[in-house]
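Okay, here's what each chain looks like letter by letter:
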Amino acid sequence: MSVPESTYLSAVWRDNIFKDKVIFVTGGAGTICSMQTRAMVRLGANACILGRNASKTEAAAKDIATARPGAKVIGIGECDVRKVESLEAAAARCVKELGGIDFVIAGAAGNFVASIDGISSNAFKTVMDIDVLGTYNTIKATIPHLLRSSTPRIIAVSATFHYTGMPFQAHVAAAKASVDSLIASVALEYGPRGISANVIAPGPIAETEGMARLASSKPEQIAAFAKTIPSGRYGTVKDIADATVFLFSDAGSYINGQIIPVDGASWRRQGAY
Ligand code: HXC
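Conventions used here
Residues numbered from 1 in each chain as written. Predicted model: local features only at pLDDT ≥ 70, side-chain atom pairs only at ≥ 80, totals over all residues. Heavy atoms only, no water. Helix = DSSP H or I, 4+ residues; strand = E, 2+ residues; numbered from the N terminus. Rg over C-alpha atoms; globule rule 2.2 N^0.38 Å. Buried < 20%, exposed > 50% of the residue type's maximum accessible area, 1.4 Å probe, protein only. Areas by Shrake-Rupley, 256 points an atom, 1.4 Å probe, with all protein chains shown as cover. Near = heavy atom within 4 Å. Polar contact = N/O pair within 3.5 Å; in protein donor to acceptor, adjacent residues only side chain to side chain. Nonpolar A, V, L, I, M, F, W, Y, C, P; charged D, E, K, R; others polar. Salt bridge = Lys/Arg side-chain N within 4 Å of Asp/Glu carboxyl O. Contact = heavy atoms within 4.5 Å. Phe/Tyr/Trp six-rings, centres within 6.5 Å; stacked < 30°, edge-to-face > 60°. Expected span 1.5 Å × (residues − 1).

Colleague: What should I look at first to understand the overall build of the protein in this one?
Modeller: Check the secondary structure of the protein and you find 8 helices and 7 strands. Whereas a compact globule of 273 residues would reach a radius of gyration of roughly 19 Å, the protein reaches 18 Å, a difference of no more than 12%. In terms of principal-axis extent, the alpha carbons of the protein reach across some 45 × 40 × 40 Å. The buried share of the protein, reckoned over its 273 residues, is 51%. For the protein, the accessible surface area stands at approximately 12600 Å², while carbon and sulfur atoms represent 55% of it.

Colleague: What is the right way to read the site of the ligand from this model?
Modeller: Every one of the 16 residues lining the ligand counts as a neighbour, but Arg 52, Arg 82, Ala 109, Ser 120 and Asn 122 are closest to it. Contact between the ligand and Arg 82: an oxygen atom at 2.9 Å from a side-chain N or O atom of the residue. Ala 109 is positioned such that a nitrogen or oxygen atom in its backbone is 3.2 Å from a nitrogen atom of the ligand. Considering the ligand on its own, with 1100 Å² of exposed area, one finds that the protein chains cover 52% of that surface. Among the elements that line the shell around the ligand, the one with the most residues is helix H4 (residues 121–146), at 4 residues. Taken together, the residues of the shell around the ligand sort by class into 8 nonpolar, 6 polar and 2 charged.

Colleague: How do you make sense of the pattern of salt bridges when you look at a structure like this?
Modeller: Once the charged atoms of two side chains with opposite charge are near each other, the side chains can pair. Applying the stated criterion to the full structure yields 10 salt bridges. A salt bridge links Glu 5 to Arg 42; the nearest nitrogen and oxygen atoms lie 2.7 Å apart. With a gap of 37 residues between them, Glu 5 in the segment before strand S1 (22–26) and Arg 42 in helix H1 (residues 31–42) connect regions that are remote in the sequence. Of the residues examined, Glu 5 reaches a relative accessible area of 33% and is grouped as partly exposed. For Arg 42, a relative accessible area of 16% translates into the label buried. Across the pair Asp 80 and Arg 82 runs a salt bridge, and its minimum N-O distance is 3.0 Å.

Colleague: Just to check I follow, could you spell out the environment of Ala 61 for this structure?
Modeller: Positionally, Ala 61 belongs in helix H2 (residues 54–65). Distance from Ala 61 to Lys 72, taken between C-alpha atoms, is 8.8 Å for residues 11 residues apart in sequence.

Colleague: What is the right way to look at the side chain of His 162 in this model?
Modeller: Its place among the elements puts His 162 in the loop between strand S5 (153–157) and helix H5 (170–190). The class of His 162 is buried, set by a relative accessible area of 18%. When neighbours within four sequence positions are excluded, His 162 is seen to be in contact with Ala 173, Lys 176, Ala 177 and Asp 180.

Colleague: What is the right way to read the environment of Phe 225 from this model?
Modeller: Structurally, the position occupied by Phe 225 is in helix H7 (residues 219–226). For Phe 225, a relative accessible area of 21% gives the class partly exposed. Residues Phe 225 and Pro 204, spaced 21 residues apart in sequence, show a C-alpha to C-alpha distance of 9.7 Å.

Colleague: In this structure, what is going on with the packing of aromatic side chains? I would like to understand it.
Modeller: Describing an aromatic ring pair means giving the distance of the ring centres and the angle of the ring planes. Scanning the model with the defined rule gives 4 aromatic pairs in all. Relative to Phe 103, the ring of Phe 18 has its centre 5.5 Å away and its plane inclined at 80°; by these criteria the two rings are edge-to-face. With Phe 18 in the segment before S1 and Phe 103 in strand S4 (residues 103–106), the pair connects residues that are 85 residues apart, well separated along the chain. Given the relative accessible area of 1%, Phe 103 is considered buried. Pairing Phe 103 with Phe 248 gives two aromatic rings, centres 4.7 Å apart and planes at 25°, and the pair type is stacked. Placement of the pair is Phe 103 in strand S4 and Phe 248 in helix H8 (residues 237–248), with a sequence separation of 145 residues.

Colleague: Which parts of the structure should I look at to understand H8?
Modeller: Side chains three or four residues apart in an α-helix point the same way, a direct result of the helix having 3.6 residues per turn. Counted at 1.5 Å a residue, the expected span for H8 with its 12 residues is 16 Å, and the 17 Å between its end C-alpha atoms agrees. When you tally the buried positions in H8, you get 9 out of 12 residues, the bulk of the element. Regarding H8, the residues found buried are Val 237, Ile 240, Ala 241, Asp 242, Ala 243, Thr 244, Val 245, Leu 247 and Phe 248. Buried positions along H8 lie against S1, H1, S4, S5, strand S6 (196–202) and strand S7 (259–262).

Colleague: What's the story with the side chain of Asp 131 in this structure? I'm lost.
Modeller: With respect to the secondary-structure elements, Asp 131 resides in helix H4. We classify Asp 131 as buried; its relative accessible area is 1%. If we skip the residues at most four places from it in the chain, Asp 131 touches Ala 108, Ala 109, Gly 110, Ala 175, Lys 176 and Val 179.

Shown next as structure tokens:
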């Protein structure tokens, strides 16, 4: 699939700023994380992406590799972030095949729309396990390798729901609050050893599956909601990819322990939904 560069990266970045760098991404075949990875690869990085679905992950890896001639992108399927051994094996393979790990995106997440009494305790736990334990496992498995990098950085992909609470997303909001907290502790504990860790909190992103579903079933709701977003539009995967490139670039080197909503100020209106 040919993906025009203007759909995932602004024209403000220089070629090869991530030359010889390696990025390790959980949930790397997903809508947002695949474009974060593509942007990094386009700008010189090699990548290892992980997912639970082998064929989807391998296809995404091949596709992302087309962003730059000579790019190496490994797709590791059947990797469940709830199992730390699975991540440790993937990190070891990444280091063996690509030479190290400089940047990590903890992007794997579970999500469905459901009321608090409409889901089982196991459903709640499943989202907590994927999002919170999965982020912890990703960091645990990659820290030994990051400590050998000259530019070790972590980004967790979170959300903005927990700033106000969110109906039908209580499980996700609770999980993402924990992810934010975990990243703050990583920044404090590993900052002195050179690692920076930040959160990107995407707002309403037009291209996600959930949004596409809503757009086809309730287009009027999508249009009405856009008017409530202070920046006047939905976000794009490009907005998230650009923020990622900034944080991983030298320009972002002193940003540590921060939660960065990329949401057009949307969360400030959340209470009014
Ligand atoms: C209610 C549900 C459910 C649903 C699953 N469950 N889907 N309950 N509504 N739609 C329940 C099941 O019945 C089960 O409980 C428990 O959850 C575990 O389900 P499994 O299918 O066994 O789990 P698993 O195979 O691990 O699936 C995980 C999943 C799945 C989260 C449930 O939907 C998934 O992996 N989805 C793909 C990933 C995804 O959604 N990515 C989008 C992330 S975007 P019982 O009691 O029956 O055993 C994101 C955005 C955040 O997170 C916000 C950004 C702005």
